[in-house]
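Each chain is listed here by its residues.
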Amino acid sequence: MAYKRLGDLLTSIGVINEDQLKQALEIQKKTKKRLGMVLIESGILTEDQLIEALQMQLGVDFIDLAAYSIPPELSQVVSVNIARKHTVVPVKVTQDEVVLAMVDPLNFLAVEEVKAATHKRVVQVIARQADVERAIASLYGKKGAVQAIEELERESSGTVSYSTVTTTRIDEVDSASVAPSIRLVNSIIERAVTEQASDIHIEPRENGMVVRMRIDGVMRVIYDIPKNSQASVTARIKIMANLDIAERRVPQDGRALVRSRNLNIDLRISTLPTIYGEKIVIRLLNRSNTALTYEKIGLFGNNLTKFKSLITNRSGVVLLVGPTGSGKTSSLYTMIHYLNTEEVNLVTLEDPVEYNIEGINQVQINEKTGLTFASGLRSILRQDPDIIAVGEIRDGETAEIAMRAAITGHLVLSTLHTNDALSTIDRLIDIGVEPYLIASAVNGIISQRLLRKTCTHCQTEYTPDANVLRAMGFTADEIENKKFYHGTGCAYCNNSGYRGRIAVFEILIFNNEIKQLIHDRAPRTELIAAIERSGFEPITVNCRKLVEDNTTTAEEVFRVINTTADTHSL
């Protein structure tokens, strides 16, 4: 295959023009990323367009790694360092050749390194970057974890070595110079990053430890760790978080910053004593992914119009509500992202500060020193704010201060744990906020949930449960004539049939009639009637749209919404 630079190849066949290439090369100089990735991230072309162009011009085959199972023994053929360095993974080996899945088949340095390491001819195939990265993590991560566990068992002698390793890179997990406990913890975190898990749960049991991860909102068992490795693993994680390794009787909280796959990952680490030892939960926050947009969180159509109208107000309270893990914080940061300009003084009160955002004043709650949401909010009001974002309203005092701040000319954004938009009004009254304050201050309530998206790699037609469809408002004719799709399970989605999540919303905007009824403590039936007259769409209307276009399934909607929804919503 004759050597040709990617930019020259793409311009020669007309996929991109010279101006687009020049623009991409300028970005590449600053970011040091591969040209193909720059072109995709800049929106100049899609990954599928790039793959198609390379297939046609170079004569290489495409491989769908999501539907391909790589034999575990191939981890011995190409080292993990080469695989990660060049984003390549071996998929097949014979006596004379290695079939190598590559993101960039023009990376001849990678080909030469694999040739030198294997002494075999290299056959190049092209694959999607996300699929190659996931295959690398699956092929080498499990191997690294298993080897580390075996070494820990051999070394176990009743004592634990508390090594103070200061490195924050976790993607060099196979280095022989690194202690087994460190490699095992690194492998666990690396796997979580690759699977885009939100949390890692390391749970002691009677006969060992279980590692589970919350992926797309659902817990999955990933590893089993022998009992005699428990102390080493726990100690390593506590050292990373600067926790007291000798204290095992009380809960502790800490944080660590790691770098994996060129991403900065913030770890929030919490320990809890149990009868079999300390349980550890690690929340992963991708600090490289703070620029949330309306499209990314799932806002479109009428809901997007309502959302924009709420955050363009100069004063009032906007509440984001839903149960734990429903995406409220992401929506709050999206609001902050769009409101963050040089013309306003925007201050946040958070516990904890999850993402550092340039240009705003972020305050970390510290109850040990007396800095609570209520006291912090009072102090912020003396700082001439235009917009205040309160991470969470937990009590009546904080709620009342927020309401009074809103009616004196401030825009206040906050979150609250309730089931739906309507029950938020009851919740505010329950924690002691007077109805006249709610009526005067609140502009609107945004209730949301997160639904798993159908895996596009294994999507196939099926027949949903008719009772579930009827509960969502589908007619008999629609059930009979419409085609529905679900995921059957593949390597890409960990055989779950789902990959990724999307938020679904119901947005209640307070008009004068609703405000008056709240002020007058009107019966719930009158309030519901007024809300329906206002054009309010319950969350199931938006769920139905996602089922109609096969973004998700009716069963997923029923699982998420029906477990917590008010009868008014479903």
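Residues numbered from 1 in each chain as written. Predicted model: local features only at pLDDT ≥ 70, side-chain atom pairs only at ≥ 80, totals over all residues. Heavy atoms only, no water.

(A) How the structure looks around the overall build of the protein chain. Scanning the protein chain from terminus to terminus reveals 22 helices and 19 strands. Over its C-alpha trace the protein chain gives a radius of gyration of 27 Å, about what one expects of a compact globule, namely 25 Å for 570 residues. Viewed in the frame of its principal axes, the protein chain has a C-alpha envelope of about 85 × 60 × 50 Å. Residues classed as buried in the protein chain amount to 50% of the 570 residues present. In the protein chain, once contacts between residues fewer than 6 apart in sequence are set aside, the share between residues at least 24 apart is 66%. On the protein chain, roughly 26500 Å² of surface is accessible, and the fraction owed to carbon and sulfur atoms is 48%. One finds the centroid of the 64 positive side-chain charges in the protein chain at a distance of 3 Å from the centroid of its 71 negative side-chain charges. (Helix = DSSP H or I, 4+ residues; strand = E, 2+ residues; numbered from the N terminus. Rg over C-alpha atoms; globule rule 2.2 N^0.38 Å. Buried < 20%, exposed > 50% of the residue type's maximum accessible area, 1.4 Å probe, protein only. Contact = heavy atoms within 4.5 Å. Areas by Shrake-Rupley, 256 points an atom, 1.4 Å probe, with all protein chains shown as cover. Lys, Arg positive; Asp, Glu negative; His and termini not counted. Charge placed at Lys NZ, Arg CZ, Asp CG, Glu CD.)

(B) A look at the pattern of salt bridges. With the rule as written, the count across this model stands at 33 salt bridges. With its nearest N and O atoms 2.7 Å apart, the salt bridge here joins Glu 478 to Arg 544. One end of the pair, Glu 478, is in helix α18 (residues 476-481); the other, Arg 544, is in helix α21 (residues 539-548), with 66 residues separating them in the sequence. Through salt bridges that share partners, Asp 48, Asp 64, Arg 128, Asp 131 and Arg 134 make up one connected network. (Salt bridge = Lys/Arg side-chain N within 4 Å of Asp/Glu carboxyl O.)

(C) Spotlight on the confidence of the model for the protein chain. For the protein chain, mean pLDDT is 86; residues scoring 70 or higher make up 91% of the total. For residues 157-168, every residue scores under 50 in pLDDT, and the model assigns this stretch 14 contacts once sequence neighbours within four places are set aside. Across residues 564-570, confidence stays below pLDDT 50; counting only partners more than four residues off in sequence or on other chains, it has 19 contacts. (pLDDT = per-residue confidence, 0-100.)

(D) A look at the side chain of Arg 452. Within the secondary structure, Arg 452 is located in strand β16 (residues 442-454). Every residue in contact with Arg 452, bar those within four places of it in the chain, is listed here: Asp 216, Val 218, Tyr 498, Gly 500, Arg 501, Thr 551, Thr 552, Glu 556 and Arg 559.

(E) Spatial organisation of empty space enclosed by the protein. Counted by the stated rule, this structure contains 5 cavities of 30 Å³ or more. Of the pockets and cavities examined, the largest cavity occupies roughly 90 Å³. If you trace the largest cavity, you find 15 residues lining it, with Arg 34, Ile 40, Glu 47, Leu 50 and Val 103 closest to the centre. Of all the elements in the fold, those that place two or more residues in the lining of the largest cavity are α3 (35-41) and α4 (47-58). Sort the elements by how many residues they give to the lining of the largest cavity and α4 lands first, with 4 residues. Partitioning the lining of the largest cavity into residue classes produces 9 nonpolar, 2 polar and 4 charged. (1 Å grid on protein atoms, 1.4 Å probe; cavity = no way out; pocket = protein on both sides within 12 Å on 5 of 7 lines; lining within 4 Å. Points joined across faces, edges and corners; volume = space filled by probe spheres on them. Nonpolar A, V, L, I, M, F, W, Y, C, P; charged D, E, K, R; others polar.)

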